[in-house]
Amino acid sequence: MMKFIESRLVPCLVKVGDNVILVAVRNGITLTLPFIISGSIFLIIANLPIPGWTEYLGQFGTALNAPVLVTFGVIGLISAMGISYNLAKHYKLDGLTCCAITVAVFLMAQLNDDYTLNVDNLGASGLFSAIILSILTVYIIRFFIEHKIYIRLPDNVPPAVLQSFVSVIPAIVCLALVWFVRVILNFDINAFFTLTLSPLVIGLGTLPGMLILVFLISLLWCCGIHGTNVLSGITAPIFLKFIVENTQAYLSHQPIPHIFAEGFYNFFICTGGSGATMGLVLAMMMSKSRYYKSLGRMSFAPSLFCINEPVIFGVPMVFNPLMMLPLIITPMLLCTMSYFLMAFNIIGRPVLQIPWTMPPFLNAYFATGGNIPAAIWSGVMIIISTIIYYPFFRLMEKKQLAQEEATIPAAAAQANA
């Protein structure tokens, strides 16, 4: 089985993750993080779970929500800029030029039937069109540059002026193409891309779809590959869209629509890092083995901040059939349990995007907008993780103890000699 996974399955998944376009999407989407986290801070301050806090703020609470509307309301536009820049950088094109043309193309696609800008589509609702249009724009620019179809000027012209004229023809073609589709044909580009990608959105919004994703991520980690990075080019835009819609619903005091929003994987599945290895770290800290005890102590601080590479490669869990089972089962079980707890409104759903390195208890508390049951569940997940990992760890520890006991007489004999 491990041979099949290593030789057949993993290369396919890695090839998908290394795709130029998906890498650009993944890196471009990360450009939105500072804005979303900044907006979330204002939202947290405006909605602190303190009795009478909202009444105390009064009209100032509304003013605190203004940065939220600005930051969350333009993530589509920011994503378009980030994706086009990263893709342009890969093809050694001028990043600033590609960003500027992409912004104009994206805004053209968001026109209403009366040719006015629909600002609602600059946020989460325009995210998918931002992805597609930024990719198409860069490839059109690349075509013209590679085939040297642009305005040429003398060599003594300043570089900034030269670059401006080089981009004239690609810019005209990109804008004319989107103008013809959106204005002349009256074709809603944003609605089309949203409809086209809706099966993937629906799939990742369901428990079976999420379980498949968790399984694939965990399987990649079993082979020493960062599963989250490999698949985030596909999943990041969808989860980002979900968290923005959750935040907007939270801000409007409406029911929270999505469970599997950004933050669910990190805070309600992977306590201590991918594979939910915090329980394994605690088990190692109590181990009789000198090696595992020292590894557990060394890994505890990084695990608090959701960094578990010392565990993955130190145990090791990579290509370790014994630890493969808990590495896959634990996050899938926590995913299922967290889903049902949120579905039945026992704990809160993610409504704010916070840094993924936030420690347990605090991460669930702030991500859900101050939901105490969610923070309690964060602690329960650590207990469940410990229970699942412990019997597998005991088998591994027994073997390690035998090796350590065998080395003691040999070391003593060598010292006496």
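Residues numbered from 1 in each chain as written. Predicted model: local features only at pLDDT ≥ 70, side-chain atom pairs only at ≥ 80, totals over all residues. Heavy atoms only, no water.

Asks: Whenever I open this one, helix α17 (residues 278–285) confuses me. Can you help?
Replies: Every α-helix winds through 3.6 residues per turn, so residues three or four apart in the chain are directed the same way. With six of eight residues buried, α17 lies mostly within the body of the structure. Within the span of α17, buried status applies to M278, G279, L280, V281, A283 and M284. (Buried < 20%, exposed > 50% of the residue type's maximum accessible area, 1.4 Å probe, protein only. Helix = DSSP H or I, 4+ residues; strand = E, 2+ residues; numbered from the N terminus.)

Asks: I tried to follow the layout of surface pockets on my own but got confused; where do I start?
Replies: It is a probe the size of a water molecule, rolled over the atoms, that shows where empty space is left. Estimated volume of the largest pocket: approximately 880 Å³. As for the largest pocket, its lining consists of 38 residues, and the residues nearest its centre are T228, N229, E262, N266 and W356. Where the lining of the largest pocket is concerned, the elements lending two or more residues are α2 (20–29), α3 (33–46), α14 (207–222), α15 (227–251) and α16 (264–268). Per-class residue counts for the lining of the largest pocket are 22 nonpolar, 13 polar and three charged. (1 Å grid on protein atoms, 1.4 Å probe; cavity = no way out; pocket = protein on both sides within 12 Å on 5 of 7 lines; lining within 4 Å. Points joined across faces, edges and corners; volume = space filled by probe spheres on them. Nonpolar A, V, L, I, M, F, W, Y, C, P; charged D, E, K, R; others polar.)

Asks: Could you clarify how one ought to interpret the environment of M108 in this entry?
Replies: By the secondary structure assignment, M108 is in helix α8 (residues 95–109). Sequence separation between M108 and L175 is 67 residues; the distance between their C-alpha atoms is 7.5 Å. Aside from chain neighbours lying at most four places away, what touches M108 is L175, V178, W179 and R182. (Contact = heavy atoms within 4.5 Å.)

Asks: I would appreciate a short explanation of the pattern of salt bridges in the present structure.
Replies: Where charged atoms of side chains with opposite charge meet at close range, the side chains can pair. In total, this model carries four salt bridges according to the counting rule given. Here R182 makes a salt bridge to D113, at a shortest N to O gap of 3.4 Å. Taken as a pair, R182 in helix α11 (residues 168–184) and D113 in the loop between α8 and α9 (127–146) lie far apart in primary sequence, 69 residues in all. For D113, a relative accessible area of 56% gives the class exposed. (Salt bridge = Lys/Arg side-chain N within 4 Å of Asp/Glu carboxyl O.)

Asks: It is not clear to me how the packing of α8 against α9 should be interpreted in this structure. Could you clarify?
Replies: How two helices pack is summed up by the angle between their axes together with the distance between the axes. As a packed pair, α8 and α9 sit with axes 9 Å apart at the nearest point and diverge in direction by 130 degrees. Between α8 and α9, the crossing angle belongs to the class labelled oblique. The handedness of the crossing between α8 and α9 is right-handed. The residues of α9 that touch α8, namely those facing C98, I101, T102, V105, F106 and A109, are S129, A130, L133, S134, T137, V138 and I141. (Axes fitted to C-alpha atoms, helices over the stretch in contact; angles between N-to-C directions. Parallel < 35°, antiparallel > 145°, perpendicular 65-115°, else oblique. Left-handed = near helix turned anticlockwise from the far one by under 90°.)

Asks: Please clarify how empty space enclosed by the protein should be interpreted in this entry.
Replies: Evaluation of the coordinates by the stated rule reveals one cavity of 30 Å³ or more. Of the voids in this model, the largest cavity is the one considered here, and its volume is about 50 Å³. Lining the largest cavity are 13 residues; nearest its centre among them are G272, C306, M358, P360 and N363. Among the elements of the structure, α16 and α18 (290–304) are those that each provide at least two residues to the lining of the largest cavity.

None of this, on its own, says anything about what the molecule does.
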